[in-house]
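Below, each chain spelled out in residue letters.
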Protein chains: 2
Amino acid sequence: MSREITGFSNPLVKRIRSLRDKKHRKREGLFLAEGLRILTEAREGGVLPEMLFHAGHATDHPLAIELIREMEANGGDVIVTSADILSKISGKDNPQALVGVYRDRLTPIKQLDRDSADIWIVAQSLRDPGNLGTILRTGDAVGAGGVILIDDCVDPFSVEAVRASMGALFTQKIATARWGEFITWLRQGPGQLIGTSLKATHDYQEPRYQSPAFLLVGNESQGLPSAYEDQCDLLVKIPMLGKADSLNAAVATAVMAYELLNQKRNGRS
Amino acid sequence: MSREITGFSNPLVKRIRSLRDKKHRKREGLFLAEGLRILTEAREGGVLPEMLFHAGHATDHPLAIELIREMEANGGDVIVTSADILSKISGKDNPQALVGVYRDRLTPIKQLDRDSADIWIVAQSLRDPGNLGTILRTGDAVGAGGVILIDDCVDPFSVEAVRASMGALFTQKIATARWGEFITWLRQGPGQLIGTSLKATHDYQEPRYQSPAFLLVGNESQGLPSAYEDQCDLLVKIPMLGKADSLNAAVATAVMAYELLNQKRNGRS
């Protein structure tokens, strides 16, 4: 059953709009994802929104029609509203025609099945939502299991991170942990912890990486704390020929992740 | 000689602030770069700002002192101002302590020396300033010669692009061209034009790339127009194991660029 909301002061509109703030996302355990492409990725990954807001014309698209039909069959809350209210919810002048409200997707670290994938990404104090979303997207592409967020990372359920993930947020596991907790869990089973560091002497193409590999990426401006580097099984460096001494965090992660994938594909690891 | 400006309504403050808009940047031929790190990269690349704004305390840092000294020796305009005015200029609540005003750095495509580098990046209708800045930063890292911007790309001199480039904007050549103009120039000399495409049958690690290689990256949501793909010497695909059918544009560029660099390093091309 669809219902219609047209009033700006409707309490549900206010509540959903408040999900743009981390505080409210945390309290409600809900987050927003926008646009048919991301909502379809989610559905294909078996994840339906709890609520769906759409301007009436969205139902012109066959994928939107399928999504709404499936939600209705599962008792989901489908709300027809105006472009102005979608704009209010998403905070954008040109909102997407569909906004989904999803239950947050954190997995307790102890429930991660490390053997389910060859690559895991471990992000430490990452601050930029675009970088985190892009790393999730790359994780999906290389067949990673998911991303473990260490210390004070940006919220993976922020609108910007969700958008940059292009839906990978729904295919990648996401866990959060303090460093000590992560290391304790990691050392209870197989897993090679690999950091990139300016101090490293090994070129990143030199080692034969093992599975599961845990790729550790540090904060955008500080890099990894030395104490964390010391606990890595391998420290490697990506060659840089120019003036700059570092790559963008999402780029460095992708260059490393593709090296791991390529070694696997080429039978070198 | 340093001078001091403390008034918000000072015409120069207004003029410099207006450089946050593309229209004004274009008219003035000037752009803004913020922060000691980026300004130092520029200086090390031999580029000084025409004007420098700083809050007095910035001169505590030895690199800032050197920059100011060098500017003064070259007749540059060094302006001491307040944190509030820096905030007004940069549009940020916590502005950097230094803001430089630089002459724009476009190189006419006919003046590019294609033999000066093994890799060139060609970006077509790229829309996101963060992606463009990140691509410039990656270009610096792989020793690329520069970036050629095709059709309607985002302005490389926007504050966001400059920031994401982390100073690579000052080490990479930047040219703009319409597609036809670019192809005409390209075919007047050596150069392999390489596109990434979902339609490609070759894995990106299969070909032995030639120098100079021109890596063509398309618009974030549309990819490359078919007509442009048809003019590539090689179309390759980056493997993707997950749900998503594309990588972030800056990530795809980096994965390709490092493959080219690695072939060179490993003597395979």
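Note that the structure is a prediction, hence the values are computed from the model and not measured.

Draft legend 1. How the structure looks around the overall build of chain A. A tally of regular secondary structure across chain A gives 10 helices and 12 strands. Taken over the C-alpha trace, chain A has a radius of gyration of 20 Å; the compact-globule value for 269 residues is 18 Å, and the two agree within 12%. Viewed in the frame of its principal axes, chain A has a C-alpha envelope of about 60 × 35 × 35 Å. Residue burial in chain A is summarised as follows: out of 269 residues, 57% are buried. Sequence separation of 24 or more characterises 80% of the internal contacts of chain A that already satisfy a separation of 6 or more. Accessible surface for chain A amounts to roughly 11300 Å². Of this, 47% is attributable to carbon and sulfur atoms.

Draft legend 2. Up close: a positive patch on the surface. A surface patch of like charges, here positive, comprises A:Arg208, A:Arg268, B:Arg208 and B:Arg268. By the secondary structure assignment, A:Arg208 is in the loop between strand 10 (202-203) and strand 11 (213-217).

Draft legend 3. Examining the packing of helix 6 (residues 129-141) of chain B against helix 10 (residues 249-265) of chain B more closely. Residues and elements named next belong to chain B. Contact pair helix 6 / helix 10: the axes reach a minimum separation of 9 Å and the direction vectors enclose 15 degrees. Relative to helix 10, helix 6 is oriented roughly parallel. Considering only the axes of helix 6 and helix 10, their crossing is right-handed. Between helix 6 and helix 10, the residues in contact are Asn 131, Thr 134, Ile 135, Thr 138 and Ala 141 and Ala 249, Ala 250, Thr 253, Ala 254 and Tyr 258, respectively. Residues of the contact of helix 6 with helix 10, tallied by class, amount to 6 nonpolar, 4 polar and no charged.

Draft legend 4. Empty space enclosed by the protein, seen in detail. Under the definition given, this model contains 2 cavities of 30 Å³ or more. The volume enclosed by the largest cavity comes to roughly 90 Å³. Surrounding the largest cavity, 13 residues form its lining, A:Tyr204, A:Asn262, B:Tyr204, B:Val255 and B:Asn262 being those nearest its centre. Mapped onto the lining of the largest cavity, the elements with two or more residues apiece are helix 10 (249-265) of chain A together with helix 10 of chain B. Top contributing element to the lining of the largest cavity by residue count: helix 10 of chain B, with 5 residues. By residue class, the composition of the lining of the largest cavity is 7 nonpolar, 4 polar and 2 charged. Sorting the residues of the lining of the second largest cavity by element identifies strand 11 (213-217) and helix 10 of chain B as the ones contributing at least two each. Of the residues that constitute the lining of the second largest cavity, the class distribution is 6 nonpolar, 2 polar and no charged.

Draft legend 5. Structural detail: the interface of chain A and chain B. Across the boundary between the two partners, chain A contributes 35 residues, which contact 35 residues of chain B. Here chain A packs against chain B, burying approximately 3000 Å² in sum over the two surfaces, 51% of which is carbon and sulfur. Broken down residue by residue, the surface that chain A buries against chain B is led by A:Arg137, A:Lys243 and A:Tyr258, which jointly contribute 20%. Inspection of the chain A/chain B interface yields 4 salt bridges.

Draft legend 6. Representation of the confidence of the model for chain A within the structure. Taken over all residues, the pLDDT of chain A has a mean of 93, while the share at 70 or more is 99%. The ipTM, which scores confidence in the relative placement of chains, is 0.94 for this predicted complex, and the corresponding pTM is 0.94.

Draft legend 7. Here's a closer look at the side chain of A:Thr134. Structurally, A:Thr134 is set in helix 6 (residues 129-141). By relative accessible area, which is 8% here, A:Thr134 ends up buried. Once residues within four sequence positions are removed from consideration, A:Thr134 is found in contact with A:Ala164, A:Ala250, B:Asn248 and B:Val251.

Reading the values: the criteria
Residues numbered from 1 in each chain as written. Chains lettered and ligands numbered in written order. Predicted model: local features only at pLDDT ≥ 70, side-chain atom pairs only at ≥ 80, totals over all residues. Heavy atoms only, no water. Helix = DSSP H or I, 4+ residues; strand = E, 2+ residues; numbered from the N terminus. Rg over C-alpha atoms; globule rule 2.2 N^0.38 Å. Buried < 20%, exposed > 50% of the residue type's maximum accessible area, 1.4 Å probe, protein only. Contact = heavy atoms within 4.5 Å. Areas by Shrake-Rupley, 256 points an atom, 1.4 Å probe, with all protein chains shown as cover. Patch = residues over 30% accessible without salt bridge, like charges linked within 9 Å, V, L, I, M, F, W, Y side chains within 5 Å. Salt bridge = Lys/Arg side-chain N within 4 Å of Asp/Glu carboxyl O. Lys, Arg positive; Asp, Glu negative; His and termini not counted. Charge placed at Lys NZ, Arg CZ, Asp CG, Glu CD. Axes fitted to C-alpha atoms, helices over the stretch in contact; angles between N-to-C directions. Parallel < 35°, antiparallel > 145°, perpendicular 65-115°, else oblique. Left-handed = near helix turned anticlockwise from the far one by under 90°. Nonpolar A, V, L, I, M, F, W, Y, C, P; charged D, E, K, R; others polar. 1 Å grid on protein atoms, 1.4 Å probe; cavity = no way out; pocket = protein on both sides within 12 Å on 5 of 7 lines; lining within 4 Å. Points joined across faces, edges and corners; volume = space filled by probe spheres on them. Buried area = accessible area lost by both parts, 1.4 Å probe. pLDDT = per-residue confidence, 0-100.

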